[in-house]
There are 2 protein chains.
Amino acid sequence: MFSKACEYGIKAAIFIATKSYEGLRVSPKEIAEKINSPQAFTAKILQSLVRHHVVNSIKGAHGGFEIQKDRISEVKLAQIVKAIDGDKIYVGCGLGMEKCDENHPCPAHDKFKIVRDELKNMLENTTLEELALNIKSGTAFLKT
Amino acid sequence: MFSKACEYGIKAAIFIATKSYEGLRVSPKEIAEKINSPQAFTAKILQSLVRHHVVNSIKGAHGGFEIQKDRISEVKLAQIVKAIDGDKIYVGCGLGMEKCDENHPCPAHDKFKIVRDELKNMLENTTLEELALNIKSGTAFLKT
DNA sequence: TTTATTTCGGATAAATTTATCCTATTTATG
DNA sequence: CATAAATAGGATAAATTTATCCGAAATAAA
Ligand code: FES
Ligand code: FES
């Protein structure tokens, strides 16, 4: 469904959000430990999230990654997925045709579109806040 | 969403079905041309579909790939996807946790499960027949 | 201003997926 | 039986994704 990079990116953003509620910045090292991901690879993905304005980075001593508190409820899962995997999953053809075109559809178009649109809808309506609260409340987990 | 191999496999099965209605067998060469896929790679995928009893192969002169007419309406998209990509897409965690476990869920579990179950449902209720008829009727296409 | 800390970014390596090539095996037919 | 036509399957290569390593740049604090 999503690439590994995207899975790590989503989990990293969620973890950063939970820490940002407490006003804390986190390092790639801590993030990788908490979400069970390879550290250097995770750092690369974080750079991408920074460039796409999903999270904020502060360089130098006492630096780290954070998200402004008031941004946590604004960031949608869709933005993170799009930043890392692009929009192929939202607009691409399920059977890999060059593009999904109503006027030249693949044989599974009608069926696939329904699911794809529901996925899109879910991602666009799910906020980082909801996900982070699931972690803070202890009802969900970021690893094993 | 699906691997390239799976996309080719689905399209190949659909094409074989359309030909099987006419009692014709088809070669990997013809299949690859009609679905716009690399021939040798497609042949490999066909072997996999044969082993998983999605399509039938006849070796030797006048051989080729076919599907029994009465099987076309029995084969579900889900069987093809499972044969090639496995069942990760049906039962795996959207955020890549070792397994999707209600008792140890990832933060997106509830949201993701709804979409994943709808995808599963769609794949399990879509037959090769429906898809092949979209091609035969000219309302859908297998390439460009 | 020096030092310690931390993200950034390029180069590279490992693993997986996608793709190609060539030979073996099977089978219908003359 | 010999031959031609076709799928099966192993070996290998190319491309992409995943992962690692290391030095550069930025920043706070002594
Ligand atoms: S053309 Fe394939 S999903 Fe729209
Ligand atoms: S645990 Fe992640 S989808 Fe169920």
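Conventions and cut-offs
- Residues numbered from 1 in each chain as written.
- Chains lettered and ligands numbered in written order.
- Predicted model: local features only at pLDDT ≥ 70, side-chain atom pairs only at ≥ 80, totals over all residues.
- Heavy atoms only, no water.
- Least-squares fit on C-alpha atoms with pLDDT ≥ 70 in both.
- Contact = heavy atoms within 4.5 Å.
- Near = heavy atom within 4 Å.
- Polar contact = N/O pair within 3.5 Å; in protein donor to acceptor, adjacent residues only side chain to side chain.
- Helix = DSSP H or I, 4+ residues; strand = E, 2+ residues; numbered from the N terminus.
- Nonpolar A, V, L, I, M, F, W, Y, C, P; charged D, E, K, R; others polar.
- Salt bridge = Lys/Arg side-chain N within 4 Å of Asp/Glu carboxyl O.
- Buried < 20%, exposed > 50% of the residue type's maximum accessible area, 1.4 Å probe, protein only.
- Phe/Tyr/Trp six-rings, centres within 6.5 Å; stacked < 30°, edge-to-face > 60°.
- Expected span 1.5 Å × (residues − 1).
- Arc of directions from axis to C-beta.

**Q** An account of the relation of the copies chain B and chain A is requested, with residue identities and associated values reported.
**A** Between the two copies of this chain, the relationship is a rotation about some axis together with a displacement along it. With an RMSD of 0.0 Å, the fit of chain B onto chain A corresponds to turning through 180° and sliding 0.0 Å along the axis. Within this description, the copies of the chain are treated as partners about a two-fold rotation axis. Closest approach to the rotation axis among the C-alpha atoms of chain B is made by B:Met1, whose C-alpha sits 2.4 Å away. The residues that chain B uses at the interface reappear at the interface of chain A in 100% of cases, marking a shared surface.

**Q** Requested: an account of the protein's contact with DNA strand C, with residues and values cited.
**A** Around DNA strand C, 27 residues are found, and the nearest of them are A:Lys44, A:Ser57, B:Lys4, B:Tyr8 and B:Pro38. For DNA strand C, the fraction of protein-proximal atoms (within 4 Å) that sit in sugar or phosphate groups is 70%. One nitrogen or oxygen atom from the side chain of A:Lys44 is found 2.4 Å from a base oxygen belonging to DNA strand C. Contact distances for DNA strand C include 3.4 Å between a base oxygen and a backbone N or O atom of B:Ala61. Those elements that provide at least two residues to the surface near DNA strand C are α3 (39-51), β1 (56-58) and β2 (64-66) of chain A together with α1 (4-21) and α3 (39-51) of chain B. When its residues are assigned to classes, the surface near DNA strand C shows eleven nonpolar, ten polar and six charged.

**Q** Got a sec to walk through the pattern of salt bridges? Specific residues and values, please.
**A** Once the charged atoms of two side chains with opposite charge are near each other, the side chains can pair. Per the counting criterion, the structure on display carries 20 salt bridges over all chains. Here B:Glu66 makes a salt bridge to B:Arg25, at a shortest N to O gap of 3.0 Å. Placement of the pair is B:Glu66 in strand β2 (residues 64-66) and B:Arg25 in the loop between α1 and α2 (28-35), with a sequence separation of 41 residues. Take B:Arg25: its relative accessible area is 38%, and that puts it in the partly exposed class. Overlapping salt bridges, with partners in common, bring together A:Lys19, A:Glu30 and A:Lys34 in one network.

**Q** So what's going on with the packing of aromatic side chains? Residues and values would help.
**A** All names here are of chain A. Summed over all chains, the structure comprises two aromatic pairs over all chains. Between Tyr 8 and Phe 41, the ring centres sit 5.9 Å apart and the planes meet at 85°, which makes this aromatic pair edge-to-face. Within this pair, whereas Tyr 8 is found in helix α1 (residues 4-21), its partner Phe 41 is found in helix α3, the two being separated by 33 residues in sequence.

**Q** Any details on the protein's contact with DNA strand D? Residues and values, ideally.
**A** Within the structure, DNA strand D sits among 27 residues, and A:Lys4, A:Tyr8, A:Pro38, B:Lys44 and B:Ser57 are positioned closest to it. In DNA strand D, the atoms that sit within 4 Å of the protein are 69% sugar and phosphate, with bases accounting for the remainder. One of the backbone N or O atoms of A:Ala61 is found 3.2 Å from a base oxygen in DNA strand D. Elements with a contribution of two residues or more to the surface near DNA strand D: α1 and α3 of chain A together with α3, β1 (56-58) and β2 of chain B.

**Q** Kindly report on α3(A), identifying the contributing residues and their values.
**A** All names here are of chain A. The first and last C-alpha atoms of α3 sit 19 Å apart over 13 residues, in line with the 18 Å expected at 1.5 Å per residue. Along α3, the residues classified as buried are Thr 42, Ile 45, Leu 46, Ser 48 and Leu 49. End-on, the buried residues of α3 take up no more than an arc of 155°, which puts them together on one face. Residues Ala 40, Lys 44 and Arg 51 are exposed on α3 and point more than 90 degrees away from its buried face. Of the surrounding secondary structure, the elements contacted by the buried residues of α3 are α1, α2 (28-35), β2 and α5 (77-85). Two residues or fewer past α3, His 53 is found with a positive phi of approximately 60°.

**Q** Give me the lowdown on the side chain of B:Ser37, citing residues and values where you can.
**A** Residue and element names in this part refer to chain B. Within the element layout of this structure, Ser 37 appears in the loop between α2 and α3. For Ser 37, a relative accessible area of 11% translates into the label buried. Residues contacting Ser 37, with those up to four places away along its chain left out, are Tyr 8, Ala 32 and Thr 42.

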